[in-house]
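Reading the structure
Each chain is listed here by its residues.
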Amino acid sequence: MTNLKNVNIGPSNNAPIGIFDSGVGGLSIAKCISEQLPHEGLIYVADTLHAPYGEKSIDFIIERVNTIAHRLVKQGAKVLVIACNTATVNAISQLREQLSIPIIGVEPAIKPAALQSKSKKVAVLVTQATSENSQFKSLITKHQNGAQVFIQPCPGLVEKIEQGLSDSHCCDQLLRRYLLPLIAQKVDRIVLGCTHYPFLQQQIKRIIEEEKASILLVETALPVTLQLISQLERHNLSAAKSNIGTRQFYSSKNTNIQQELFTKLWQNPLTLQSF
Ligand code: DGL
């Protein structure tokens, strides 16, 4: 058996973890990582100029993922977290063929939702691009465990979050359009299959309550963080406990509005830099 502790791992253990998404959605993952691993340095990249990925072609998504991943590696990232379901299902396999560092992706949590569901009816909210992806469909077949899974593409939601319009009437209208048919189907678990959607949890829960439904939301921030921790340990890449974990934030569309939105969602002061 290989003693993984002796593997020559290259970059220094105190090098940062690179995390990226099409926009602010991946902050829902980065926040959990930041809380669980305070001594790890983090570099977060939002490709805001090109969001939403969910309405782009596969080739476009792959091209953006490669550009960002290579830039993060140049900046010294020891591990990458693709904090985006759409980018994971469409681009992680080819990225793993190019890079030798560990790459952790995000997939909708179909398995726990199907296992926990009592009505055996589960819904998954995703972007258009994820809903059409064959890897995503195989994930459902593999993990549905006898449950009926309703795939609900949600065009427009990512834009509303990126524009800081999560509490607007038009966002509420969109949510009702997507949720009411699922509530009528009596699903009892809704999987948030896009990392932006945890930022709409309150709004979603309000609609569920108004409809007097009993539905739990299932998201992936903690499982992804645990997977990251296990990869860091496996590759002997964990930062020293004495390391001061810095947090750096970049966006390909660095405006005052973005700066405000980042600060609001991160719930801490930060300086947004241009990517
Ligand atoms: N946050 C992303 C996801 O998890 C991408 C959303 C988008 O850009 O469409 O799918």
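Since this is a predicted model, take the numbers as computed values, not measurements.

Within the chain, the secondary structure is distributed over eleven helices and ten strands. Whereas a compact globule of 275 residues would reach a radius of gyration of roughly 19 Å, the chain reaches 19 Å, a difference of no more than 12%. The C-alpha extent of the chain, read off along each of the three principal axes, is 55 × 50 × 35 Å. Within the span of the chain, comprising 275 residues, buried residues form 55% of the whole. Relative to all contacts within the chain whose residues are 6 or more apart in sequence, the contacts with residues 24 or more apart total 76%. Summed over its atoms, the accessible surface of the chain is roughly 12600 Å², and 51% of this surface lies on carbon and sulfur atoms. The chain carries 27 positive and 21 negative side-chain charges, and their two centres are separated by 5 Å.

Attention now moves to the pairing of strand β9 (residues 247-251). Here five bridges tie strand β2 (residues 42-46) to β9, and the two strands are oriented parallel to one another. Among the inter-strand pairings, L42 is bridged to a residue of β9, identified as R247. Relative to strand β10 (residues 272-274), β9 runs parallel, the two being bridged by three bridges. By the bridge assignment for β10, Y250 is matched with Q273. Tracing the backbone out of β9, into helix α11 (residues 256-266) and back to the parallel element β10 gives a crossover that is right-handed.

What follows deals with the site of the ligand. Lining the immediate surroundings of the ligand are 13 residues, of which S22, Y53, G54, T86 and H196 lie closest. The contact in question runs from an oxygen atom of the ligand to an N or O atom on the side chain of S22, over 2.5 Å. Residue H196 places a side-chain N or O atom 2.7 Å away from a nitrogen atom belonging to the ligand. Split into classes, the residues belonging to the shell around the ligand amount to five nonpolar, seven polar and one charged.

Moving on: the packing of helix α1 (residues 27-36) against α11. Where α1 contacts α11, the axes come no closer than 10 Å and their chain directions differ by 45°. By the angle between their axes, α1 is oblique relative to α11. Along this stretch, α1 crosses α11, giving a crossing that reads as right-handed. Residue-level contacts link L27, A30, K31 and S34 of α1 to F262, L265 and W266 of α11. Taken together, the residues of the contact of α1 with α11 sort by class into five nonpolar, one polar and one charged.

If you walk through the whole model with that rule in mind, you get three aromatic pairs. Note on Y44 and F262: the rings are 6.1 Å apart at their centroids and 70° apart in plane angle, and the pair reads as edge-to-face. Within this pair, whereas Y44 is found in strand β2, its partner F262 is found in helix α11, the two being separated by 218 residues in sequence. Neither Y44 nor F262 differs from the other in exposure class; each is buried. A ring pair is formed by F249 and W266, whose centres lie 4.9 Å apart and whose planes are at 70°; its orientation type is edge-to-face. Placement of F249 in strand β9 and of W266 in helix α11 is noted, with a sequence separation of 17 residues between them. Residue class for W266 comes out buried when judged on its relative accessible area of 6%. These aromatic residues form a ring-pair network of at least three members: Y44, F249, F262 and W266. The ring of F275 has R71 lying over it, and the distance from NZ or CZ to the ring centre is 3.9 Å.

Procedures and definitions
- Residues numbered from 1 in each chain as written.
- Predicted model: local features only at pLDDT ≥ 70, side-chain atom pairs only at ≥ 80, totals over all residues.
- Heavy atoms only, no water.
- Helix = DSSP H or I, 4+ residues; strand = E, 2+ residues; numbered from the N terminus.
- Rg over C-alpha atoms; globule rule 2.2 N^0.38 Å.
- Buried < 20%, exposed > 50% of the residue type's maximum accessible area, 1.4 Å probe, protein only.
- Contact = heavy atoms within 4.5 Å.
- Areas by Shrake-Rupley, 256 points an atom, 1.4 Å probe, with all protein chains shown as cover.
- Lys, Arg positive; Asp, Glu negative; His and termini not counted.
- Charge placed at Lys NZ, Arg CZ, Asp CG, Glu CD.
- Pairing = 2+ DSSP bridges.
- Right-handed = clockwise from strand over helix to strand, strands pointing away.
- Near = heavy atom within 4 Å.
- Polar contact = N/O pair within 3.5 Å; in protein donor to acceptor, adjacent residues only side chain to side chain.
- Nonpolar A, V, L, I, M, F, W, Y, C, P; charged D, E, K, R; others polar.
- Axes fitted to C-alpha atoms, helices over the stretch in contact; angles between N-to-C directions.
- Parallel < 35°, antiparallel > 145°, perpendicular 65-115°, else oblique.
- Left-handed = near helix turned anticlockwise from the far one by under 90°.
- Phe/Tyr/Trp six-rings, centres within 6.5 Å; stacked < 30°, edge-to-face > 60°.
- Lys NZ or Arg CZ within 6 Å of the ring centre and 35° of its normal.

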